[in-house]
Amino acid sequence: IIATDQLSKFLESGIYRFESSNAVFMDPVRVLNRSYTSFRVSPSTYYSRFFESKHADQARTASSDKISRKRKRKQRRPQILNEREQVADQRHQLVRSLLMEAHESLLGADDLLAVVRNLRENFCSSDSKAKECGKDLWTGVEQSFVELGRVWQAPLFEITVSSKQRNRPDSFAGNMINQCNEDRVLPLFNCLVGNMTSDDAEAKVLDRRYIIPRESSFYMSDLGQIHNVIPADSDCGYSLIIIDPPWENGSAYQKSMYQTLPNRYFLSLPIKQLIHTEGALLALWVTNREKLLNFVENELFPAWGVRFAATFYWLKVQADGSLISDIDLFHHRPYERLLLGYCDGVGMNSEHLSKVIPIKDNQVIISIPGDYSRKPPIGDLLMEHVPALKPTRCIELFAREMMAGWVSWGNEPLYFQESGYFQQI
Ligand code: SAM
């Protein structure tokens, strides 16, 4: 009965809580769908990897056999770890059993696994008319906003936002432009563009369509312009900040996906200026590189004024529930870390603070990854730990997508908003 109850909650919310461990399983598609009214995130475009067709499966098995033979050969050689790698390995050993326990909870939940195998099926598959929206226009290749932003015409590019309702007349982030017409034409770059209605809006850039969730906005710019998202008054600051920086790493594939930045650039992110008077919860995605973890613990968090609170782990599985790689594979761990910390505000309110639920360390979020480097939407899981008054004011830095109630900043926050990623219902 408990399993059925958990499963029906999962089908509704996209979150399955395992009772026996500190873990949840998430379907990012269901979680993201809470941001939309007339559109749905298309599961088949979200789950572009780890759910291959039979044909592709065979090709993949052949090539992954080759890779795993190579890896096994490598692993058979006695691995001599340098000092830093030994520390990294000790960190890994400390969380290994926690992650395996979380994984076992998933493997023991037969009712959930039966659904997980079919997560890629479209919600509307029974309706032959269910529109994969924009598929006819979409080539499968996203608009490169980074390139558009670099050309001399960049300040001339415009976005037309069409909403069904009028924008709320109040100011969302200080410098929000609110007009009453249904079609608003705004600069694409270096401008806060929002949909303050309670319904999805559609937007057009050049000849492409984008879906903009309710009560959300984006500011598309290079890091050099990030000061423009600093609120004029800290009472309008953010109480939940998620950051997924373009960390440098050795992967050539990553370099081809987006530009990366040296660590020192992140030291100057204006975190202290972004936070709400009553403080903020900050969540930072990091890779498993020991050098990076040291940098965050010893330099970055102190520079931002962040007090470390907890570590969450994102454990990545395939559609059959198996891990995407061997848990002990040194450079390809099947998990990433999310570091959580608090930033004190200038006017912390002890009454509000006493209502905040303390964050439990070592929680595990299990999901099937979407596109390369796309993180699961963890905002809702963090809401109860946010220090300030409700409604929570949320911002994501280096974002590639939008969510209801959030401001998204980065050089391509519209990336996953392109209509090809959605279905119309
Ligand atoms: N969290 C995102 C997701 O789930 O899809 C992934 C973010 S990805 C790790 C980092 C993002 O930072 C990329 O979109 C990249 O284009 C962007 N970026 C890189 N250099 C930047 C810069 N100088 N200014 C603004 N954004 C930048």
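Keep in mind that this is a model prediction, so the values were computed, not measured. (Residues numbered from 1 in each chain as written. Predicted model: local features only at pLDDT ≥ 70, side-chain atom pairs only at ≥ 80, totals over all residues. Heavy atoms only, no water.)

### A closer look at the site of the ligand
Then comes step 1: Close contacts around the ligand come from 19 residues, with Asp244, Lys375, Arg400, Asn411 and Glu412 the closest.
Then comes step 2: For the ligand, a nitrogen atom lies 2.7 Å from a polar atom in the side chain of Asp244.
Then comes step 3: Grouping the constituent residues of the shell around the ligand by class yields eight nonpolar, four polar and seven charged. (Near = heavy atom within 4 Å. Polar contact = N/O pair within 3.5 Å; in protein donor to acceptor, adjacent residues only side chain to side chain. Nonpolar A, V, L, I, M, F, W, Y, C, P; charged D, E, K, R; others polar.)

### Here's the deal with the sheet that holds strand E16 (residues 394-397)
Pairing between sheet strands relies on hydrogen bonds along the backbone, with the strands arranged either parallel or antiparallel.
Then comes step 1: Sheet architecture is open: eleven strands sit in the order E1-E2-E15-E13-E14-E12-E11-E16-E17-E10-E7, paired in mixed fashion. Two strands close off the open sheet at either side, each with one partner strand: strand E1 (15-17) and strand E7 (192-195). Ignoring strand direction, the axes of neighbouring strands in this sheet form an average angle of 20 degrees.
Then comes step 2: Against the sheet, helix H5 (residues 83-108) makes contact with strand E2 (23-26), strand E13 (306-316), strand E14 (335-343) and strand E15 (363-367), and its axis sits at roughly 55 degrees relative to E15, the strand it touches most.
Then comes step 3: Packed on one face of the sheet, helix H11 (residues 290-304) meets strand E11 (240-243), strand E12 (280-286), E13 and E14 and runs near 155 degrees to E12. (Pairing = 2+ DSSP bridges. Helix = DSSP H or I, 4+ residues; strand = E, 2+ residues; numbered from the N terminus. Axes fitted to C-alpha atoms, helices over the stretch in contact; angles between N-to-C directions. Contact = heavy atoms within 4.5 Å.)

### Describing the environment of Arg40
Then comes step 1: The topology assignment puts Arg40 in strand E3 (residues 39-41).
Then comes step 2: What makes Arg40 partly exposed here is its relative accessible area of 22%.
Then comes step 3: Polar contacts involving the side chain of Arg40 include one to the main-chain carbonyl oxygen of Tyr36, which spans 3.5 Å. (Buried < 20%, exposed > 50% of the residue type's maximum accessible area, 1.4 Å probe, protein only.)

### Remarks on the sheet that holds strand E9 (residues 208-212)
Then comes step 1: Read from one edge to the other, the open sheet built from four strands follows the order E6-E5-E8-E9, with strand pairing classed as antiparallel. In the strand order of this sheet, the two ends are held by strand E6 (183-187) and E9, each with one partner. Across the sheet, the axes of successive neighbouring strands diverge by a mean angle of 25 degrees, strand direction being ignored.
Then comes step 2: As judged from the four bridges shared by strand E5 (residues 158-163) and strand E8 (residues 201-205), these two strands associate in the antiparallel manner. Looking across to E8, one finds that Ser163 is bridged to Ala201.

### Section: the pattern of salt bridges
Then comes step 1: Per the stated rule, a full pass over the model turns up 14 salt bridges.
Then comes step 2: Across the pair Arg96 and Asp328 runs a salt bridge whose closest N-O atoms are separated by 2.8 Å. Here Arg96 is found in helix H5, whereas its partner Asp328 is found in the loop between E13 and E14, with 232 residues between them in sequence.
Then comes step 3: Judged by relative accessible area, which is 26%, Arg96 ranks as partly exposed.
Then comes step 4: A cluster of three or more residues bridged by salt bridges with shared partners is formed by Arg91, Glu290 and Glu297. (Salt bridge = Lys/Arg side-chain N within 4 Å of Asp/Glu carboxyl O.)

### Topic: the confidence of the model for the protein
Then comes step 1: The predicted model of the protein averages 87 in pLDDT, with 84% of residues at 70 or higher.
Then comes step 2: With pLDDT under 50 throughout, residues 125-130 is counted as low confidence; its partners more than four residues away or in other chains account for one contact.
Then comes step 3: Within the model, the stretch residues 170-179 combines pLDDT values under 50 with 26 contacts to residues more than four positions away or in other chains.
Then comes step 4: Two numbers describe this predicted complex: its pTM, 0.89, and its ipTM, 0.99. (pLDDT = per-residue confidence, 0-100.)

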